[in-house]
Number of protein chains: 2
Amino acid sequence: MPVNRLYKLYLSPHRKYVKILKNLLGFVPGNLSLYRLAFRHKSVATSVKKGVKNSNERLEFLGDAVLGSVVAEVLFKLYPYEDEGFLTELRSKIVSRNNLNQLARKLGFEQLIEYDSRALGPTRQGSLLGDAFEALIGAIYLDKGYDFTRHFLVNHIIKAHIDIHTLEQTETNFKSKLIEWCQRHSKDISFDLIVNGDGENSKLFTVQASVDGQIMGLGKEFSKKNAEKLAAEKACEALGI
Amino acid sequence: MPVNRLYKLYLSPHRKYVKILKNLLGFVPGNLSLYRLAFRHKSVATSVKKGVKNSNERLEFLGDAVLGSVVAEVLFKLYPYEDEGFLTELRSKIVSRNNLNQLARKLGFEQLIEYDSRALGPTRQGSLLGDAFEALIGAIYLDKGYDFTRHFLVNHIIKAHIDIHTLEQTETNFKSKLIEWCQRHSKDISFDLIVNGDGENSKLFTVQASVDGQIMGLGKEFSKKNAEKLAAEKACEALGI
């Protein structure tokens, strides 16, 4: 074992944190501050410069891209005779917030995430885990490079924890589900972005899902895409799809 | 120069193609069939197995992901004090179909793309180039690995041909433009997916963009996202935005 790893695991003042990470991830991290950042939710972040906070959101952006690339390659090679539509849909199931949340919970990330539970409603705590998982991938990439991250994802995450063939069979997301149902039943489906009322958070998007002109679901989220998803989910519920 | 490269450039029966690629890309390709596939549009593809065609679409899926990851890292490092919203928006400008089309044209890819012009309307020829560019990134990745592809993209493409700081200043895409305009003018905007008429290609999506309930633009495309973009573009035109 190289001296540097020995020091980190047994002598460094951060040895406790290093051991936890090693147990969770299976390797000794290099730049610890990247990993701490990956687990820091914006609710406990402080401003570092020009209004930018030291939360995990930038790492999440990077990790999401690296994860997308690794999963794309895995599926490209695993399914040599499927078209790009199949590959795109299967990848979106694998990297769905729901799937990543479950994965992060199974991996025991909850003990590492720093957040302020008072600043979050109980419903918003769910995506903390998946967000942190993506941020962690960003941290590993910056710390160890692409090939290491790819190897970690393929061998420690995908092969060990993701049942691709089962995901392949599962029903697709609520939005696709709703659109398919409407096409099958010759109904008109629309997702309309509603302009915010006065006094509402201007960063919040409100989307209503209407079937044949009748509003069946309403979603409010901080991205239009998530608001659409939520509206679709509610419409599926209302229609018993 | 290694013997293998010498052979490829001067003796192999494919030496003409190898030289063209070397002139365009700046390196000697390994597995030539990957590069040929990257430039083969589905209009000239033949069926290989189980209905899957030997077109560049699967490589485009892979290359899109690798490109997204490389650009994410470049922006992450170039803008250490910008948040993930800024990074996401700037990346989408860089990898926009419009930007990639221009890039591929500038790089001289037109001479390499195989397609059947009779099977494509003149308006659909535009995205051939950007699609092939992404497929090429997929081919380079499979042929040479991530680090090589990243180096190629950063040094031969991004630094040489993409003016990130100018893109940063440019107006965002038509859909965002339209939504922002509607929010500013307190108008209701909706993008509605219209069910296909009988006899229409079932893979075609029709989206209408309505402002305050009035249809301002209609888009028909093979993906819902592109149909929305087109509808938004037409609405912007109609509204003089």
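Residues numbered from 1 in each chain as written. Chains lettered and ligands numbered in written order. Predicted model: local features only at pLDDT ≥ 70, side-chain atom pairs only at ≥ 80, totals over all residues. Heavy atoms only, no water.

The test is simple: UniProt positions are given in the numbering used here, feature names are shortened, and annotations may be inferred rather than shown by experiment.
Under the annotation held in an unreviewed UniProt entry, chain A carries the name Ribonuclease 3 and is attributed to Mucilaginibacter corticis. Annotation of chain A in UniProt includes, under Sequence similarities (unreviewed entry), the sentence "Belongs to the ribonuclease III family." Recorded in UniProt for chain A, the comment headed Function (unreviewed entry) runs: "Digests double-stranded RNA. Involved in the processing of primary rRNA transcript to yield the immediate precursors to the large and small rRNAs (23S and 16S). Processes some mRNAs, and tRNAs when they are encoded in the rRNA operon. Processes pre-crRNA and tracrRNA of type II CRISPR loci if present in the organism."

**As for the overall build of chain A**
Put simply, the rule is: Secondary structure is summarised from DSSP: a helix means a run of H or I of at least four residues, a strand means a run of E of at least two, and numbering begins at the N terminus for each. In this analysis, two residues are considered to be in contact whenever any of their non-hydrogen atoms come within 4.5 Å of each other. Surface accessibility follows the Shrake-Rupley procedure with a 1.4 Å probe radius. Residue values consider only the protein chains on display as shielding. The charged-residue count follows a simple rule in which Lys and Arg add positive charge and Asp and Glu add negative charge, with His and chain termini not counted at all. For the purpose of locating charges, the reference atoms are NZ of Lys, CZ of Arg, CG of Asp and CD of Glu.
A tally of helices and strands in chain A yields 11 helices and five strands. Counting only C-alpha atoms and orienting by the principal axes, one finds that chain A spans roughly 70 × 50 × 30 Å. Looking at chain A alone, contacts between residues at least 24 apart form 51% of all its contacts between residues at least 6 apart. Here chain A displays about 12,100 Å² of accessible surface, and carbon together with sulfur accounts for 50% of that area. One way to put it: in chain A the 34 positive side-chain charges average out to a point 11 Å from where the 28 negative ones average out.

**Thoughts on the interface of chain B and chain A**
Applicable threshold: Computed with a 1.4 Å rolling probe, the buried area is the accessible surface lost when two parts are put together, summed over both parts. Salt-bridge detection follows one rule: a side-chain nitrogen of Lys or Arg within 4 Å of a carboxyl oxygen of Asp or Glu. Two N or O atoms count as a polar contact when they lie within 3.5 Å, although within protein this holds only if one can serve as hydrogen donor and the other as acceptor, and sequence-adjacent residues are included solely when both atoms are side-chain atoms. Polarity classes work like this: nonpolar for Ala, Val, Leu, Ile, Met, Phe, Trp, Tyr, Cys and Pro, charged for Asp, Glu, Lys and Arg, and polar for all others, with Gly in that last group. Following DSSP output, two strands are said to pair if at least two bridges run between them.
Listed per partner, the contact involves 44 residues of chain B and 44 residues of chain A. Between chain B and chain A, a total of about 4,000 Å² is buried, with carbon and sulfur atoms accounting for 63% of that surface. Ranking the residues of chain B by area buried against chain A places Arg58, Phe61 and Tyr81 of chain B at the top, with a combined share of 21%. Seen at the junction of chain B and chain A, the total is zero salt bridges. For the interface between chain B and chain A, the tally reads nine residue pairs in polar contact (both at pLDDT 80 or more). Sorting the residues of the side of chain B that touches chain A by element identifies helix 4 (57-78), helix 5 (84-94), helix 7 (126-144), helix 8 (146-161), helix 10 (174-184) and strand 3 (189-194) of chain B as the ones contributing at least two each. Broken down by element, the side of chain B that touches chain A gets its largest block of residues, 13 residues, from helix 4 of chain B. Of the residues that constitute the side of chain B that touches chain A, the class distribution is 22 nonpolar, five polar and 17 charged. Direction of pairing for strand 3 (residues 189-194) of chain A relative to strand 3 of chain B: antiparallel, over a ladder of five bridges.

**Overview of the pairing of strand 3 of chain B**
Residue and element names in this part refer to chain B. Condition: Only protein chains enter the accessibility calculation, which uses a 1.4 Å probe; a residue whose area is less than 20% of its type maximum is buried, one above 50% is exposed, and one in between is partly exposed.
Burial analysis of strand 3 places five of its six residues in the buried class, which makes it a mostly covered element. Direction of pairing for strand 3 relative to strand 4 (residues 205-211): antiparallel, over a ladder of six bridges. Looking across to strand 4, one finds that Ser190 is bridged to Ser210.

**Looking at the packing of helix 4 (residues 57-78) of chain A against helix 4 of chain B**
Axis angle and axis distance: for two packed helices, these are the angle between their axes and the distance between the axes, and together they describe the pair. Put simply, the rule is: Axis definition: a line fitted to C-alpha atoms, over the contacting stretch in the case of helices. Angles run 0 to 180 degrees between N-to-C directions. Throughout this description, any angle smaller than 35 degrees is read as roughly parallel, any larger than 145 degrees as roughly antiparallel, any in the 65 to 115 degree range as roughly perpendicular, and the remainder as oblique. Two helices cross in a left-handed way if the nearer one is turned anticlockwise from the farther one by less than a right angle. They cross in a right-handed way if the turn is clockwise.
For the pair helix 4 of chain A and helix 4 of chain B, the least separation of the axes is 9 Å and the interaxial angle reads 155°. Between helix 4 of chain A and helix 4 of chain B, the crossing angle belongs to the class labelled roughly antiparallel. Between helix 4 of chain A and helix 4 of chain B lies a crossing whose hand is left-handed. Together, Arg58, Leu59, Phe61, Leu62, Ala65, Val66, Gly68, Ser69, Ala72, Glu73 and Phe76 of chain A of helix 4 of chain A and Arg58, Leu59, Phe61, Leu62, Ala65, Val66, Gly68, Ser69, Ala72, Glu73 and Phe76 of chain B of helix 4 of chain B make up the contact between the two elements.

**A look at the nonpolar core**
For clarity, the threshold we go by: Put simply, buried Ala, Val, Leu, Ile, Met, Phe, Trp, Tyr and Cys residues joined by side-chain atoms within 4.5 Å make one nonpolar core.
In terms of nonpolar packing, the biggest core is built from 106 residues, with Phe109 and Phe133 of chain A together with Phe109 and Phe133 of chain B touching the most fellow members. Residues within four places of Phe109 of chain B in sequence aside, it is in contact with Leu24, Leu25, Phe39, Ala104, Leu129, Phe133 and Leu136 of chain B. Residues Cys236 of chain A together with Phe191, Leu193 and Ala231 of chain B belong to the second largest nonpolar core, which totals 32 residues.

**Some remarks on the domain arrangement of chain A**
The following threshold applies: Residue ranges assigned to each domain were obtained from an automatic or database domain assignment.
One can read the domain layout of chain A as domain 1 (31-169) and domain 2 (174-239). For domain 1 of chain A versus domain 2 of chain A, the distance between C-alpha centres works out to 26 Å.

**Section: a positive patch on the surface**
Stated formally: By definition, no residue in a patch forms a salt bridge, and every one has over 30% relative accessible area; like charges are joined within 9 Å, nonpolar side chains (Val, Leu, Ile, Met, Phe, Trp, Tyr) within 5 Å.
A contiguous patch of positive charge on the surface is contributed by Lys225 and Lys229 of chain A together with Lys225 and Lys229 of chain B. When contributions to the positive patch are tallied by element, the ones reaching two or more residues are helix 11 (224-239) of chain A together with helix 11 (224-239) of chain B. Tracing the backbone through its elements, the reader meets Lys229 of chain A in helix 11. On the basis of relative accessible area, Lys229 of chain A is assigned to the partly exposed category, the value being 38%.

**Let's talk about the sheet that holds strand 5 (residues 214-221) of chain A**
Spatial strand order, 5(A)-4(A)-3(A)-3(B)-4(B)-5(B): six strands in an open sheet with antiparallel pairing. If you trace the sheet from one side to the other, it starts and ends with strand 5 of chain A together with strand 5 (214-221) of chain B, each paired once. Adjacent strand axes in the sheet meet at a mean angle of 20° when their direction is disregarded. Contacting strand 3, strand 4 (205-211) and strand 5 of chain A, helix 11 of chain A crosses the sheet at an angle of about 140° to strand 5 of chain A.

**Structural notes on a nonpolar patch on the surface**
Nonpolar side chains collect at one region of the surface, where Leu6, Tyr7, Tyr10 and Leu11 of chain A lie side by side and expose about 430 Å² of accessible area between them. Mapped onto the secondary structure, Leu6 of chain A falls in helix 1 (residues 3-10).

**Here we look at the relation of the copies chain B and chain A**
Mapping one chain copy onto the other needs a rotation about an axis and a shift along that axis. What counts is decided by this rule: When the copies are overlaid, the least-squares fit takes in C-alpha atoms only where the residue has pLDDT of at least 70 in both copies.
Once turned by 180° and shifted 0.1 Å along the axis, chain B lies on chain A with an RMSD of 0.3 Å. What the rotation and shift describe, once combined, is the action of a two-fold rotation axis.

**A closer look at the packing of aromatic side chains**
In this description, an aromatic ring pair is defined by two values, namely the gap between the centres and the angle between the planes. Condition: When the centres of two rings from Phe, Tyr and Trp lie within 6.5 Å, Trp using its six-membered ring, the rings pair. Their planes under 30 degrees apart give stacked, over 60 give edge-to-face, and anything left gives tilted.
Following the criterion strictly, the structure yields 17 aromatic pairs over all chains and no others. When the centroid spacing of 6.3 Å and the interplanar angle of 85° are considered together, the rings of Tyr146 of chain A and Tyr141 of chain B count as edge-to-face. Residue Tyr146 of chain A is located in helix 8 (residues 146-161), and its partner Tyr141 of chain B is located in helix 7; the two belong to separate chains. No difference in accessibility class separates Tyr146 of chain A from Tyr141 of chain B, as the two residues are buried. Linked through ring pairs, Phe27, Tyr35, Phe148 and Phe152 of chain A together constitute an aromatic cluster.

**Focus: helix 2 (residues 15-25) of chain A**
Residue and element names in this part refer to chain A. Which entries qualify depends on this criterion: The directions from the helix axis to the C-beta atoms are what the arc is built from.
Among the residues of helix 2, Tyr17, Val18, Leu21, Leu24 and Leu25 are the ones counted as buried. Viewed end-on, helix 2 has its buried residues packed into an arc of 130°, placing them on one side of the element. Looking at helix 2, the residues exposed on the side facing more than 90 degrees away from the buried face are Lys16 and Asn23. Two residues or fewer after helix 2 comes Gly26, characterised by a positive phi angle close to 85°.

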